[in-house]
Amino acid sequence: DVDPFDPHLPVEIQEAIAYEAYHNPWYYHREIARIEPKGGGGTLSYLLANRSIIYFLWTTLNGLNVFMIQHRQSGKSVGSDFQSNYITHIAGYKNTIAILTKDDNLRAEQIERIKGLRDNLPVYLNPYRKSFDGDPRDTLECTRLKNTIITAVPRSSEKQARNVGRGMTSPIALIDEGPFIPYISIIVRAMLGSTSTARRIAREEKQTNYAAFVTTAGDRMDRDGAYMYRIYRGGLQFDERLFFDCP
């Protein structure tokens with residue numbers, strides 16, 4: 001077995017690992033992806049992929065839209081964070097991920113988590129250079145691969161919500177805690193219109209593209225919660241038999 005974190009790996013082995021990680025996302029998620037324990041310190045942990053994380057990774061790698069509901073502290077954001085890190089720092093090229101969170105605090109937290117996953121990469125796989133990429137609070141750049149993560153938060157009026165959705169012009173859109181975002185129906189409709197062309201171009205260039213909704217359970221009696229519930233109910237229930245229909 002080859003340890004991708006071995007500091008004494010020959011250059012040819014490092015190049016082989018980089019090649020495999022680029023072409024095989026499951027190798028990255030299984031052997032390279034590492035996360036720091038809650039609270040910091042301690043030994044870095046492997047990605048512990050439960051059913052929902054496998055579901056998220058597999059569907060998004062196949063360019064499918066995904067809707068995932070999970071209770072707090074159960075890894076709801078882990079799969080999307082690892083996928084964002086993989087696309088931005090390993091396998092993507094000229095790709096953009098747009099992330100909408102329900103407030104500024106969650107936005108900053110999500111960017112910091114993805115930065116942490118990036119910093120946990122082996123040195124020879126990490127494309128980050130502070131002098132080129134900087135260290136902004138609300139976005140994330142990978143200049144070498146020309147990838148970007150942009151973020152947005154909801155606004156207080158319908159017009160502003162429409163502008164938020166139109167600003168998510170990217171092949172990949174992630175909405176976190178949608179049932180708790182004001183005017184989410186306006187944002188989603190504007191977003192889907194904005195992303196359609198970007199996704200088509202990404203498919204032609206064989207780049208990852210998807211729309212993802214990850215959330216804790218909302219209130220179906222609430223305007224925004226009811227809208228998200230209709231999206232959820234309108235989708236196909238995930239089943240592992242789908243593995244036989246897609247790679």
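Residues numbered from 1 in each chain as written. Predicted model: local features only at pLDDT ≥ 70, side-chain atom pairs only at ≥ 80, totals over all residues. Heavy atoms only, no water.

> Tell me what's going on with the packing of aromatic side chains, and back it up with residues and numbers.
If you walk through the whole model with that rule in mind, you get 9 aromatic pairs. Ring geometry for Trp58 versus Phe238: centroids 6.3 Å apart, planes at 55°, classification tilted. Of this pair, Trp58 sits in helix α3 (residues 51-61) while Phe238 sits in the segment after α9 (223-233), placing them 180 residues apart in sequence. Exposure class is identical for Trp58 and Phe238. Each is buried. One aromatic cluster is present, built from ring pairs that chain together Tyr55, Trp58, Phe238 and Phe243. We note Arg118 situated over the ring of Tyr128; from NZ or CZ to the ring centre the distance is 3.7 Å. The ring of Tyr229 is capped by Arg220, whose NZ or CZ atom sits 4.8 Å from the centre of that ring. (Phe/Tyr/Trp six-rings, centres within 6.5 Å; stacked < 30°, edge-to-face > 60°. Helix = DSSP H or I, 4+ residues; strand = E, 2+ residues; numbered from the N terminus. Buried < 20%, exposed > 50% of the residue type's maximum accessible area, 1.4 Å probe, protein only. Lys NZ or Arg CZ within 6 Å of the ring centre and 35° of its normal.)

> Please give an account of the pattern of salt bridges that cites residues and values.
Applying the stated criterion across every chain, the model contains 15 salt bridges. Two residues, Asp176 and Lys76, come together in a salt bridge whose shortest N-O distance is 3.0 Å. In this pair, Asp176 sits in strand β7 (residues 172-176) while Lys76 sits in the loop between β3 (66-69) and α4 (78-91), placing the two residues 100 residues apart along the sequence. The salt bridge involving Asp138 is made with Arg137; its shortest N-O contact spans 3.3 Å. Looking at Asp138, the relative accessible area reads 24%, which means it is partly exposed. Among the charged side chains, a salt-bridge network with shared partners connects Asp104, Arg107, Arg137 and Asp138. (Salt bridge = Lys/Arg side-chain N within 4 Å of Asp/Glu carboxyl O.)

> How would you summarise the sheet that holds strand β4 (residues 96-100) if you had to cite specific residues and measurements?
Here 6 strands make up an open sheet; going across it, the order is β3-β8-β7-β4-β6-β5 and the pairing mixed. Each edge of the open sheet is held by one strand with a lone partner, namely β3 and β5 (140-142). The sheet shows a mean angle of 15° between the axes of neighbouring strands, direction not considered. Note: β7 against strand β8 (residues 210-215), 5 bridges, orientation parallel. Each bridged residue has a counterpart across the sheet, and for Ala173 the counterpart in β8 is Ala211. (Pairing = 2+ DSSP bridges. Axes fitted to C-alpha atoms, helices over the stretch in contact; angles between N-to-C directions.)

> Describe the layout of surface pockets, and please don't skip the residues or the numbers.
Volume-wise, the largest pocket comes out at about 1,000 Å³. Lining of the largest pocket is provided by 31 residues; of these, Ile35, Lys38, Ser77, Val78 and Arg113 occupy positions nearest its centre. With 6 residues, helix α5 (residues 104-119) is the largest single contributor of residues to the lining of the largest pocket. Here the residues of the lining of the largest pocket are counted per class, giving 10 nonpolar, 10 polar and 11 charged. Counted as a void, the second largest pocket has a volume near 670 Å³. Forming the walls of the second largest pocket are 25 residues, and the residues nearest its centre are Tyr55, Phe67, Leu236, Gln237 and Phe238. (1 Å grid on protein atoms, 1.4 Å probe; cavity = no way out; pocket = protein on both sides within 12 Å on 5 of 7 lines; lining within 4 Å. Points joined across faces, edges and corners; volume = space filled by probe spheres on them. Nonpolar A, V, L, I, M, F, W, Y, C, P; charged D, E, K, R; others polar.)

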